Amino acid sequence: MEENMNLRVILAANIFLKAAGYIRKYGWQKSGMSVHGKPRCSMGALASAYQKEKWDDDLAYLMYKSLYDELDGISLTQFNEQVRSVLEVALLFERVASKLKAVNKKNTIYSVLT
């Protein structure tokens, strides 16, 4: 069970990094999913980074919770309304990925030691 959680954390971090890369490459727009290969909103960039029709519920929850925590309780929609540049969105996704990787590393070290 813990191994599945560690894999889920790694997957979530990689999705956030891919979404940041997507935004840096194709651009970002305040709203509207658009299509892959064009500027997309934050959720659209995440969809391009994880091109599955149906998201795993636990993965989706982990990603939502990670964003919500990083944004101090505001939603991604509210964040999008406040954003002034593509870089802000990419940096948000990169910060979340970095924190997820740090938590995963800490949990992996802890599980080895116990």
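What counts as what
- Residues numbered from 1 in each chain as written.
- Predicted model: local features only at pLDDT ≥ 70, side-chain atom pairs only at ≥ 80, totals over all residues.
- Heavy atoms only, no water.
- Helix = DSSP H or I, 4+ residues; strand = E, 2+ residues; numbered from the N terminus.
- Buried < 20%, exposed > 50% of the residue type's maximum accessible area, 1.4 Å probe, protein only.
- Contact = heavy atoms within 4.5 Å.
- Areas by Shrake-Rupley, 256 points an atom, 1.4 Å probe, with all protein chains shown as cover.
- Core = buried A, V, L, I, M, F, W, Y, C linked by side-chain atoms within 4.5 Å.
- Phe/Tyr/Trp six-rings, centres within 6.5 Å; stacked < 30°, edge-to-face > 60°.
- Salt bridge = Lys/Arg side-chain N within 4 Å of Asp/Glu carboxyl O.

## Re the overall build of the protein chain
Then comes step 1: When helices and strands are counted, the protein chain shows five helices and zero strands.
Then comes step 2: Start at the N end of the protein chain and walk to the C end: the helices and strands fall as α-α-α-α-α.
Then comes step 3: Buried positions account for 35% of the 114 residues belonging to the protein chain.
Then comes step 4: Within the protein chain, contacts between residues at least 6 apart in sequence are counted, and of these 63% link residues at least 24 apart.
Then comes step 5: Summed over its atoms, the accessible surface of the protein chain is roughly 7200 Å², and 57% of this surface lies on carbon and sulfur atoms.

## Examining helix 2 (residues 42-49)
Then comes step 1: Within helix 2, six of the eight residues are buried, which leaves it mostly tucked inside the rest of the structure.
Then comes step 2: Taken together, the buried positions of helix 2 are occupied by S42, G44, A45, L46, S48 and A49.

## Observations concerning the nonpolar core
Then comes step 1: One finds F16, L46, L67, L92, F93 and L100 to be the most contacted residues of the largest nonpolar core, which totals 29 residues.
Then comes step 2: Looking at this core, the elements with two or more residues in it are helix 1 (2-26), helix 2, helix 3 (57-70), helix 4 (76-82) and helix 5 (86-113).
Then comes step 3: Among the elements that take part in this core, helix 1 stands out by supplying nine residues, more than any other.

## Focus on the packing of aromatic side chains
Then comes step 1: According to the stated counting rule, one finds four aromatic pairs in the structure shown.
Then comes step 2: Measuring from ring centre to ring centre gives 5.6 Å for F16 and F93, while their planes differ by 40°; the resulting arrangement is tilted. Separated by 77 residues along the polypeptide, F16 in helix 1 and F93 in helix 5 bring together distant segments of the chain.
Then comes step 3: With relative accessibility at 0%, the residue F93 sits in the buried group.
Then comes step 4: Considering the side-chain rings of Y64 and Y68, the 5.9 Å spacing of their centres and the 20° angle between planes classify their relative orientation as stacked. Here Y64 pairs with Y68, and both are found in helix 3, just four residues apart, close to one helical turn.
Then comes step 5: Judged by its relative accessible area of 35%, Y68 is partly exposed.

## Here's the deal with the environment of L62
Then comes step 1: For L62, the position within the fold is in helix 3.
Then comes step 2: In contact with L62, not counting residues within four places along its chain, are M5, R8, V9, A12 and L100.

## Focus on unusual backbone geometry
Then comes step 1: Here S34, not a glycine, exhibits a phi torsion of approximately 60°, which is positive.
Then comes step 2: Its place among the elements puts S34 in the loop between helix 1 and helix 2.
Then comes step 3: On the basis of relative accessibility, which here comes to 36%, the residue S34 falls in the partly exposed class.
Then comes step 4: Phi is positive for D72, which is not a glycine, with a value near 55°.

## Considering the pattern of salt bridges
Then comes step 1: As enumerated under the stated definition, the model contains seven salt bridges in all.
Then comes step 2: With a closest N to O distance of 3.0 Å, K65 and D69 form a salt bridge. Separated by four residues within a single helix, K65 and D69 lie in helix 3, roughly one turn from each other.
Then comes step 3: Owing to a relative accessible area of 36%, K65 belongs among the partly exposed residues under this scheme.

None of this, on its own, says anything about what the molecule does.
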